[in-house]
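# Report on the structure
So the chains spell out like this:
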Amino acid sequence: MKNSAEIVIIGGGISGLATAYNLAARGMKDIIVVERGYIASGSTGRCGAGIRQQWGTEMNCRLSKASCEILENLEEILDYKRSIEFKQGGYLLFATTEKEVEQFKKNVALQNSLGINSKILSIEEALEIVPDMNTEGVMSFAFHQKDGHANPFQTTFAYAEAAKRLGVEIYTYTTVRGIEVKNDRIESVITDKGEIKTHRVLNAAGGFAKDIGRMVGVELPLKPERHEILVTEPVETILGPMLMSFSWNFYIQQEPNGTFIMGYGEQDNPESQGVNSSWHFAQEMARKAIRIYPPLSKVRVVRQWAGLYTMTPDSQPIYGSVPGLDGFYIAAGFSGHGFMFGPITGVLMAEYILGEEPEIPIDMLDAGRFERGELIYEPSVV
Amino acid sequence: MEGKTIVCRCEDITLEEIEELIDLGYDDLEEIKRLTRCSMGPCQGRTCRNLLAQVVASKTGKSIDELHIPTYRPPAKNIKMTALAGGDEDEE
């Protein structure tokens, strides 16, 4: 283990590794990534693998569009020999209440103004795309063809391999125990394998970002929540888009390898860093899935697991630094969409850390917005 | 050995593919599993997880005890959605 670095990035998920790659690609040397488990073992590798651009705030639309455009070319950008299993089968969003119908109209107008070609579909139009679904109780749909899927493991390893080729050191199974601060400046990161002298730290620790903040006396308004997912055996390809509803609370997508991945979020989830699975989820998910998409009834469930959403009070990420503490950077609080934002997170955080003007202004996503009361609520989160 | 040796029957993963990853520097079972999908298919690694561990151990010179062995996740056995939802698994 090296004992000094230009920057120590805490977290070997998509945000940390994409930032490591982008910093190295812009010429930074001596970058270390510290990961408590294996690469993508936290929220990234446990996520639903969805990529969507249909958001309700301008910021999220811009971030997700830029991220998706990177994913479209990621294998070339990173010279990755395997496939990141990128698929643009679309996201089909169910509107089941008058309020949701109106919200989707607003969202689509906003998205269209930002170059995202989403549209409202009638029941009949949606059934042309997914003939076998049950539309009982649905009033209309929103659809965007360029939304879809990417494999979180392959995508993260693509960044990890490219970062390593540029000299980035990645220490897996290494836990951060503390961060030394002197005169409001970062001095070193203490891990269970040794101390690394550095004046810069990026907190990209996902569900543990709050704990990392506390190591330097920064209280981040983050709430990790356990969310569950299940996956089926692979079957022939029958479903193009991701099916998703905020009001009915589910998402179901068939992945390029033929498996179906699906999940929902419990209401009023307690704060938790646990990732155990529950029988209740499997049962309830199966009921929802069969009702919405009946061809699933004979498909076998192979595996279920859980991961952490790290919620912020407005369901938007925290990017930036903290006033009065030199060298401490944050990319956390992705509220369930850290994987799909990962590629653009890497670019923006690298630009920010290097003192350049980020290509999408991220000032309004700083940690101080909560104290200032400048929250920007995202209405469309599962 | 000539030709291909299958390690994971569900996902059709060969010994050669795994050895290639180890040659690239991958020495962690959890990571090799996720890169290849070896032991992520319908049998959930009941055959290949131990085979994979042996291959990684012998090729990296580590002992099996030093490897991080992936956990088995529920359900214990594949189960039809309809059975999970409370219906009868054999119902047609």
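Just so you know, these numbers come straight off a predicted model, no measurement behind them. (Residues numbered from 1 in each chain as written. Chains lettered and ligands numbered in written order. Predicted model: local features only at pLDDT ≥ 70, side-chain atom pairs only at ≥ 80, totals over all residues. Heavy atoms only, no water.)

## Side note on the layout of surface pockets
Note the cut-off: Two kinds of site are reported from a 1 Å grid over the protein atoms alone, namely cavities, where a 1.4 Å probe fits but cannot get out, and pockets, open sets with protein on both sides within 12 Å along at least five of seven lines, and residues are called lining when an atom falls within 4 Å of a point. Grid points are joined across faces, edges and corners, and a volume is the space filled by probe spheres set on the points. The helix and strand labels rest on DSSP assignments: H or I over at least four residues marks a helix, E over at least two residues marks a strand, and numbering proceeds from the N terminus.
Put simply, the second largest pocket is a space of about 470 Å³. In terms of lining, the second largest pocket is formed by 20 residues, of which the most central are R82 and E161 of chain A together with L21, L24 and Y26 of chain B. Contributing elements (two or more residues each) for the lining of the second largest pocket: helix 6 (152-165) of chain A together with helix 1 (15-23) and helix 2 (29-36) of chain B. Counting residues per element, the lining of the second largest pocket draws most heavily on helix 6 of chain A, at four residues.

## A short note on the packing of helix 1 of chain B against helix 2 of chain B
Residues and elements named next belong to chain B. Where we set the bar: To get an axis, a line is fitted to the C-alpha atoms, and for a helix only the part in contact is used. The angle between two axes follows their N-to-C directions and goes from 0 to 180 degrees. An angle below 35 degrees is read as roughly parallel, one above 145 as roughly antiparallel, one from 65 to 115 as roughly perpendicular, and any other as oblique. Handedness of a crossing is defined here by the sense of rotation of the near helix relative to the far one, left-handed for an anticlockwise turn of less than a right angle and right-handed for a clockwise turn. We call two residues in contact whenever any of their non-hydrogen atoms come within 4.5 Å of each other. Any residue that is not Ala, Val, Leu, Ile, Met, Phe, Trp, Tyr, Cys, Pro, Asp, Glu, Lys or Arg is counted as polar, Gly included; the first ten are nonpolar and the last four charged.
Here helix 1 crosses helix 2 at 125°, and the two axes come no closer than 11 Å. In terms of orientation, helix 1 and helix 2 fall into the oblique class. Between helix 1 and helix 2 the crossing geometry is right-handed. Residues I18, L21 and I22 of helix 1 form the contact with helix 2, whose participating residues are I32, L35 and T36. Classifying every residue of the contact of helix 1 with helix 2 by side-chain character gives five nonpolar, one polar and no charged.

## Some points on helix 1 (residues 14-25) of chain A
Residues and elements named next belong to chain A. Short version of the rule: Each residue after the first adds 1.5 Å to the expected span of a helix. Each residue is placed in one exposure class: buried if its accessible area under a 1.4 Å probe, protein chains only, is under 20% of its type's maximum, exposed if it is over 50%, and partly exposed if it falls in between.
When the terminal C-alpha atoms of helix 1 are compared, their 16 Å separation across twelve residues agrees well with the 16 Å that a helix rising 1.5 Å per residue should span. Buried residues dominate helix 1, accounting for eleven of its twelve residues. Listed in full, the buried residues belonging to helix 1 are I14, S15, G16, L17, A18, T19, A20, Y21, N22, L23 and A24. A positive phi of about 105° marks G27, the residue just after helix 1.

## With respect to the packing of aromatic side chains
Going by this rule: Any pair of Phe, Tyr and Trp rings, taking the six-membered ring for Trp, is counted once the centres come within 6.5 Å. Such a pair is stacked with planes under 30 degrees apart, edge-to-face with planes over 60 apart, and tilted for the rest. Working rule: Lys NZ or Arg CZ, within 6 Å of ring centre, within 35 degrees of ring normal, means a charge sits over the ring.
Considering all chains together, one arrives at eleven aromatic pairs over all chains under this definition. Measuring from centroid to centroid gives 5.4 Å for F94 of chain A and F250 of chain A, while their planes differ by 85°, and the two rings are edge-to-face. Pair noted here: F94 of chain A is in strand 4 (residues 91-95) and F250 of chain A is in strand 15 (residues 250-254), with a separation of 156 residues, a long-range link. With a relative accessible area of 0%, F94 of chain A lands in the buried category. By the ring-pair criterion, three or more aromatic residues cluster together here, those being F94, F141, W248 and F250 of chain A. The positively charged end of R46 of chain B is found above the aromatic ring belonging to Y72 of chain B, 4.7 Å away from the centroid.

## Observations regarding the interface of chain B and chain A
The figure often quoted for interface size is the accessible area lost as the parts come together. Using the following cut-off: What counts as buried area is the accessible surface, traced by a 1.4 Å probe, that two parts surrender upon association, with contributions from both included. Within this document, salt bridges are pairs made up of a side-chain nitrogen of Lys or Arg and a carboxyl oxygen of Asp or Glu, the two lying within 4 Å of each other. Between N or O atoms, a polar contact is any pair within 3.5 Å; within protein, one atom must be a potential hydrogen donor and the other a potential acceptor, and residues adjacent in sequence are included only when both atoms are from side chains. Here, strands pair whenever DSSP counts at least two bridges between them.
Across the boundary between the two partners, chain B contributes 27 residues, which contact 36 residues of chain A. Taken together, both faces of the contact between chain B and chain A bury some 2,900 Å²; the carbon and sulfur share is 59%. On the chain B side of the contact with chain A, R34, M81 and L84 of chain B bury the most area, a combined 25% of that side's loss. Scanning the region where chain B abuts chain A turns up zero salt bridges. Applying the counting rule to chain B against chain A returns eleven residue pairs in polar contact (both at pLDDT 80 or more). Listing elements by their share of the side of chain B that touches chain A, those giving two or more residues are helix 2, strand 3 (79-80) and helix 4 (81-84) of chain B. Pairing geometry for strand 17 (residues 300-311) of chain A and strand 3 of chain B, over two bridges, is antiparallel. What sits directly across from V301 of chain A, in strand 3 of chain B, is I79 of chain B.

## Things to note about the packing of helix 1 of chain A against helix 6 of chain A
All names here are of chain A. Running from N to C, helix 1 and helix 6 cross one another at 30°; their axes reach a closest spacing of 8 Å. Our classification of the angle between helix 1 and helix 6 gives roughly parallel. Helix-helix and strand crossings are classified by hand; for helix 1 and helix 6 the assignment is left-handed. Two secondary-structure elements touch here, helix 1 through I14, L17, A18, Y21 and N22 and helix 6 through T155, T156, Y159, A160, A162 and A163. Across the contact of helix 1 with helix 6, the residue classes break down as eight nonpolar, three polar and no charged.

## Quick notes on the domain arrangement of chain A
All names here are of chain A. Keep this limit in mind: Marked domain ranges trace back to an automatic or database domain assignment.
Under the domain assignment, chain A is made up of domain 1 (7-47 + 153-221 + 314-372) and domain 2 (87-146 + 223-311). For domain 1 versus domain 2, the distance between C-alpha centres works out to 29 Å. Across the contact, 15 residues belong to domain 1 and 15 residues belong to domain 2. Looking at the side of domain 1 facing domain 2, the largest losses of area belong to R46, G207 and S335, adding up to 40% of the total buried there. Where domain 1 packs against domain 2, one counts one salt bridge. One salt bridge in this structure joins K210 and E271, with 3.2 Å as the shortest N-O distance.

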